[in-house]
Structures are given as structure tokens and as C-alpha cells.
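Fold and geometry: a report
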Amino acid sequence: MQHTSREYRSESSPFAPHTEADVETMLDALDAESVEELFDVPASVQFDGSFGIDAASEQAVVQDVSKTLAQNDQVTEFLGRGRYNHYAPSLVDDLSLRSEFLTSYTQYQPEIAQGFLQALFEYQSILVELTGLGVANCSMYDAATALGEAALLADRVRETSGSQVLVSDLVRDERISVLENYLTGNDMTVETYPTANGGVTPSTLADHVTDETVMVYAENPTVVGTIQDELSTVGEVADEHDAAFCLGTDPVALSLLEEPAAVGADVVIGDASVLGLPAAYGMGLGVFACREDYLRQVPGRLVGASEDAADTRAYTLTLQTREQHIRRERATSNICTNQAWVALRTAIHVAWLGATGLVDLAEECVALPRELATDLDGIEGVTAPVHDRHHFREFLAETPRNADEVVAELETAGFAVHAVDDHRIQVCITDTNRSERAEFVSAVREVVA
């Protein structure tokens, strides 16, 4: 049953600071009969006043939930496509779970959050060193929202009057969807340019970039694991049309691949949760770094180093560009928080690895897929990898049988992989599942036989 505005205020939102007259005035301005008209909630999921869950003791609830979770299939994941699992040392939990960090939500009062601010400053410094760019903020929600913010930044700083954002046809649909959502209302459009053999072909890209292009986006490594060359040419093509060049990547790959600044990248985005967290399939940590010229256009917050009254090194929030902190018309982003605690975990993990350890991990991410692809390619009827390139963590393999059938039978055998099209599967291998490599190859051999 529909509530009236009076019922909505008193029953559904008792703490809303609106009088009945306020609500009626707003509804009149919107030409709406009730508050409920402002929301499109399907009847099937509307709350009817009861959860339908019987009350139980804590012990009974734990037993019931444990019994339910025990029904889950135990499979070894060889999944990737943007979510990657690397071993996070126990040190990350031991330090990040300290109450000083867990209870410090956002560092609005720098004078009492020096430890956390220092950790975030180190996180930013790590990204600056890895990207070669002058500025990195202290994290975003995830890679997709970072991409959206990059496009908005490009629209603000580039002199072109165009509205086109060009992305590779390899970029995941989900990421493009978030980008399009970000650009809604900004008179900007998202279009894709074709790739060949798992990478950008500069001559093809040049045919698609025009003076209407605001930003060109490419990823390295790509979502299918290919490592791209000729990225410097991509930067040149974008620059010729005064378009920004945005590169998507991650901290592990950055430790080994060519520095983004060296190939002309104006902005680098990605997901840093590959370090410090297991694959969460829903929670990320957005990387955002850019040229120093764009300092005052960076979304979110920047932590800086300064000195206090006693000339002691101190940390502070140097820049806050969201509308809650400055006049709304000057805000560059409406991001309402950041992933500070997750960024802390990434910083701890990177520090634990050190420069040598980070490069070692990255080199393993090249060697492992190469070795696994060689194993799979030795199976009759299987071609791996599909693309004639170096790969990072993952690759595509072509099978003689239908890919969906292969995936289903591999799951029955205890392994999870992606089906990409009718005859292609995608396989990801890292330090966390490499011990299962031989068993996985045997399972694939049995399935495709």
C-alpha cells in the first residue's frame, strides 16, 4: 500500500529533518503525489515489514550458517579477468587490524591521524614511483570509477571541444558500463576502437581518433592477459589530437612493464587490491595517478608532507576536491569516501615485498602463464595461448569442444575457469594456485578428449 507523505516521514524515516510542509513543497516542485513515486523499487523486492526469519540464539545461527556454507562447492579457481589473487602475508593482517587503523575512518583531523596519513603518503609515493607521474591520490573506489573520473578530468583539462571517449574493444563491458554512467549528463559519449591479436594497432587507432576525442583509454596488461607494445605510439596519436591518454594497469604489472609516463600516459588508473587483499569479487581499490599539471583536478584527496610548529615532519590532507569540503561549484568529484584502509593494506604488502620482491612476483606472473600455456598446448586439439604475445597472469586457450561444456565439466572436476566464446576459455594462474597446475592440466586433458 502506498504511504502518504505524512506516513513516509513519521513511519519510514523518523529521523529525516523535514517537516510535513517541507515534504509537500518538494513533492509539488517535482509534480509527484508521494515520496514513493521518486523510487522505482520492484514490488517483488519491496520490504513488507517483516524479514520472515525466525528468531534464534547466536549458537543456533552460527550452526545454521555454517551448515549452509558447507554446501558450497570447493573448487580451485583459475579465474581472472580483472580479479586476481596473490598471497597476502600475515603481516598485512597483523598491522592493518590494529585498532588505531580500524577505527580511523577518514583523516579529517590530521593532527590526530599522523600514523594513518603517513601510511597513505607512502601509498601515494609508491604509485608515483611505479607510474613515473607526478601525482597519485590516496585511492578511489575501484578501477571502473577511477576510469570514470579520468574521463571527467580529461574533459576539464583538454582544450578540445569534443565529447568522445575512446576505449579498447577488449575492455570489460562492466567497466564500460560504469564509465557510461559517470558520463551521463556531461554530453560525452563512449565508443570503442578495434584491436588485433590482443593489442592496440596504432594505425587502426589513428583512424578512430579525431579532434572530437577527449580521451583514449588502453590497458596493459589487457583483460585477456596480453602485454601490449607500441603504447608510446598510442600516446602520440592521442596527443596529436589534444586528447588525454589514460592507461589501465596494476601495481604488480607496473613494477615490470614500461613506465606509463615514458609512453606518454597522462593518467593511470587500475586496481591496487591485487596486493594486500585476496580476490574479493566486488571490493576493489582504485588507482589514480596523473601528471602534476592536473594537480588541482585530481578527485578525492591528497596527503602531503609538511612541518609542524616545532619543525617536525608532519602529514596533512593537502588537497580535498569534493563538494563537502569546498564550494560545490568548484568541486571536481562527488566521491564521498576512499578506500583508505585497503590502501593501507596495499602499502604494507608492497613494503613487505620490497622493490626486488615486487619485481620477482611480476616476473612470476609472466613465467607461470607461459609454462601453463605450453602444457595446455601439448593437449591434442587445444591451442594455447591464442594470442602471439607475452602474457601476464592469464591467457586464452582454444578448445575443440564447446567452451561452456568444458567449463562445466572442469567445475565438476574441481576447477573454475572462464568461458569467453564458443570455443575459447580463459585461464589465470598466480602464486596462489600454481601448486594445482599439474592436476588442472590433467583435468583439461580428460575433458577435451
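To keep things clear, this report deals only with the structure shown in the data block. (Residues numbered from 1 in each chain as written. Predicted model: local features only at pLDDT ≥ 70, side-chain atom pairs only at ≥ 80, totals over all residues. Heavy atoms only, no water.)

**Observations concerning the sheet that holds strand 2 (residues 135-136)**
- In space, the 7 strands of this open sheet follow the order 2-8-7-6-5-3-4, with mixed pairing throughout. Lying at the two open borders of the sheet, with one neighbouring strand each, are strand 2 and strand 4 (189-193).
- In the packing of helix 8 (residues 173-183) onto the sheet, contacts are made with strand 3 (164-168), strand 4 and strand 5 (213-219), and the angle to strand 4 comes to roughly 150°.
- Strand contacts of helix 10 (residues 231-240): strand 5 and strand 6 (244-249), with the helix running at about 150° to strand 6, the strand carrying the most contacts. (Pairing = 2+ DSSP bridges. Helix = DSSP H or I, 4+ residues; strand = E, 2+ residues; numbered from the N terminus. Contact = heavy atoms within 4.5 Å. Axes fitted to C-alpha atoms, helices over the stretch in contact; angles between N-to-C directions.)

**Side note on the sheet that holds strand 14 (residues 424-428)**
- A sheet is described by the order of its strands in space; here 3 strands give the open sequence 11-14-13, paired in antiparallel fashion. A single partner strand is all that each edge strand has here, and the edge strands are strand 11 (394-398) and strand 13 (418-421). For this sheet, the mean inter-axis angle between neighbouring strands, taken without regard to orientation, is 35°.
- Pairing analysis gives 3 bridges linking strand 13 to strand 14, with the strands arranged antiparallel. Looking across to strand 14, one finds that His418 is bridged to Gln426.
- Sheet contacts for helix 13 (residues 403-412): strand 13 and strand 14; angle to strand 13, the most-contacted strand, approximately 175°.

**Remarks on the pattern of salt bridges**
- What the rule picks out here adds up to 17 salt bridges.
- Here Asp250 makes a salt bridge to Arg393, at a shortest N to O gap of 3.0 Å. A residue pair is termed long-range when its members are at least 10 positions apart, and Asp250 in the loop between strand 6 and helix 11 (251-254) and Arg393 in the loop between helix 12 (340-377) and strand 11 qualify at 143 residues. Of the two residues examined, Asp250 and Arg393, each falls in the buried class.
- It is possible to trace a salt-bridge network through shared partners that takes in Arg158, Asp242, Asp266, Arg291 and Asp293. (Salt bridge = Lys/Arg side-chain N within 4 Å of Asp/Glu carboxyl O. Buried < 20%, exposed > 50% of the residue type's maximum accessible area, 1.4 Å probe, protein only.)

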